Amino acid sequence: MAGKISITGDLGSGKSTVCGILERDHGFGVYKVGAIQREIAGRRGMTTLELNEYAETHPEIDREIDDALRRKGEEPGRMVFDSRMAWHFVPSSLKVYLRVGVEEAVRRIMGDDRGTAESYAEAEEARAKIEGRKVSENKRYSEKYGVDCGDMGNFDLVIDTTAIGPDEVARLIMEGLAESGRG
C-alpha cells in the first residue's frame, strides 16, 4: 500500500500542521484520530484527558477508534494518518514520530484553538495535562496492545520539531518516504 504515512508524536509537535502540508502540497488524504477523539469527548461532555482516563476501563472507546483506523489503512490511495497508534494498525505505512520540547509544546498548544475538549487556562495547567495525557495513553496502549509508544525503535523516522518549521518537517518526511520505497 504505497503512499501511507503514519505520524505520531508528542502533543504540540506539529502533527496536524504537517499533515495539512502533506495534504496541500503532496495530495495526501488526511485521517485525524485526534479530531475523532475530541468529537467523542465533546459528545460525552469530557476533556480529552478525561476521555483517555475513561477509555482505560471502557474498551469500546478504543475499539471504535481502532476499527475505523484499520479500515482506513486498507483503503487504496495516498493517506497520512495523524494518530498515536496508526504506526501499529497500518504496518505498511512509513512510521514517523515527531518530538518537541515540553516548553515549546506548551507555547504551541496555548496558541491553538482546540475546542472546549482540549483547552487550558494557563501554561502550568497545559503542561500537567499534556504530561497526564501522554502517561494515560502510553499506559493504555501498553496494556491493551503490548506496545511501547515511547520506544523510538518502532519508527522509521524520528524528527525533533522544537526548532524547525512544519514545511521542513514535511520535506524530511517526503524524503523518508522516497528513501523507504513506500511512496
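Scroll up for the structure.
So, how was this worked out
Residues numbered from 1 in each chain as written. Predicted model: local features only at pLDDT ≥ 70, side-chain atom pairs only at ≥ 80, totals over all residues. Heavy atoms only, no water. Axes fitted to C-alpha atoms, helices over the stretch in contact; angles between N-to-C directions. Helix = DSSP H or I, 4+ residues; strand = E, 2+ residues; numbered from the N terminus. Parallel < 35°, antiparallel > 145°, perpendicular 65-115°, else oblique. Contact = heavy atoms within 4.5 Å. Expected span 1.5 Å × (residues − 1).

## Comments concerning the packing of helix 2 (residues 33–43) against helix 3 (residues 48–55)
Part 1 of the argument: At a closest axis distance of 9 Å, the pairing of helix 2 and helix 3 adopts a crossing angle of 90 degrees. Viewed along their axes, helix 2 and helix 3 adopt a mutual orientation that is roughly perpendicular. Taken together, the residues of helix 3 that come into contact with helix 2 (itself represented by Gln37, Arg38, Ile40 and Ala41) are Thr48, Leu51 and Asn52.

## Focus: helix 7 (residues 123–145)
Part 1 of the argument: Counted at 1.5 Å a residue, the expected span for helix 7 with its 23 residues is 33 Å, and the 32 Å between its end C-alpha atoms agrees.
Part 2 of the argument: Directly after helix 7, the chain includes Gly146, whose backbone phi takes a positive value near 70 degrees.

## Re the side chain of Ser136
Part 1 of the argument: Looking at the element boundaries, Ser136 is found in helix 7.
Part 2 of the argument: Among residues more than four places away in sequence, those in contact with Ser136 are Asn52, Glu53 and Glu56.

## Looking at the packing of helix 4 (residues 59–74) against helix 7
A pair of packed helices is captured by two measures, namely the crossing angle of their axes and the spacing between those axes.
Part 1 of the argument: In contact at an axis separation of 12 Å, helix 4 and helix 7 are set at 80 degrees when each is read in the N-to-C sense. As far as their axial angle goes, helix 7 and helix 4 are roughly perpendicular. In contact with Pro59, Asp62 and Asp66 of helix 4, helix 7 contributes Arg140, Tyr141, Lys144 and Tyr145.

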